[in-house]
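Coordinate inspection notes
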Amino acid sequence: MKLHCKHCNKQLTNSLYPSKWKLKEFIEDYYGEGEHKKILQIPVGAFRRWKSWSGGRFVAVHRDSLFLSIPNIIGCCDHDWTSVTCDCGVRLGISGYDCWQSQHSVDLDPSKVYFKN
């Protein structure tokens, strides 16, 4: 299934498969403490529907799965809730890949995107 923009019908991804988060462990050593931290990272080519603690619903994909370019607005290390916008100008969601975030993905609003074979 491929994601498309509901506003302009632009194809946003190649075929995606449903997936659960994959755990990826890395060492966080910014403060010299060497703490282990778990990060939830969705694989390239996968998607996951999820609901946040506040009730918002999202379709999560890896940023490399999108045909869109994401602005180079970063936090201290990487995208820190950077807006993701379709070429037609509609805001589709946010990209969160900064070091402090435990879930790395682009979270798209399901009211703005749809799946099509």
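Above this text sits the structure in question.
The structure reproduced in this document is the subject of the present report. Quantities reported herein were computed from a predicted structural model and do not represent experimental measurements.

What to know about the side chain of serine 105
Residue position: serine 105 is located in strand β9 (residues 103–108). By relative accessible area, serine 105 is classed as buried at 1%. For serine 105, the side chain forms a polar contact with the side chain of aspartate 107, separated by 2.7 Å.

Description of the pattern of salt bridges
A complete count under the given rule lists 2 salt bridges for this structure. Close ionic contact of aspartate 87 with lysine 10 constitutes a salt bridge, the shortest N to O distance being 3.2 Å. Linking aspartate 87 in the loop between β7 (80–85) and β8 (91–96) with lysine 10 in the loop between β1 (2–5) and β2 (17–18), this pair joins segments that are 77 residues apart in sequence. Here arginine 63 and aspartate 78 are joined by a salt bridge, their closest N and O atoms 2.8 Å apart. With arginine 63 in the loop between β6 (57–61) and β7 and aspartate 78 in the loop between β6 and β7, the pair connects residues that are 15 residues apart, well separated along the chain. Note on aspartate 78: relative accessible area 18%, which makes it buried.

As for the environment of cysteine 86
In this fold, cysteine 86 is placed in the loop between β7 and β8. The spacing of cysteine 86 and phenylalanine 67 is 19 residues in sequence and 9.5 Å in space, taken between C-alpha atoms. Those residues in contact with cysteine 86 that lie beyond four places of it in its chain are Cys5, Cys8, Lys10, Leu12, Leu68 and Leu92.

Here's the deal with the packing of aromatic side chains
Two aromatic rings, taken as a pair, are described by how far apart their centres are and by the angle between their planes. Under the criterion given, the structure shown has 2 aromatic pairs. A cation sits over an aromatic face here: arginine 63 above tyrosine 97, 4.0 Å from the ring centre.

Thresholds applied
Residues numbered from 1 in each chain as written. Predicted model: local features only at pLDDT ≥ 70, side-chain atom pairs only at ≥ 80, totals over all residues. Heavy atoms only, no water. Helix = DSSP H or I, 4+ residues; strand = E, 2+ residues; numbered from the N terminus. Buried < 20%, exposed > 50% of the residue type's maximum accessible area, 1.4 Å probe, protein only. Polar contact = N/O pair within 3.5 Å; in protein donor to acceptor, adjacent residues only side chain to side chain. Salt bridge = Lys/Arg side-chain N within 4 Å of Asp/Glu carboxyl O. Contact = heavy atoms within 4.5 Å. Phe/Tyr/Trp six-rings, centres within 6.5 Å; stacked < 30°, edge-to-face > 60°. Lys NZ or Arg CZ within 6 Å of the ring centre and 35° of its normal.

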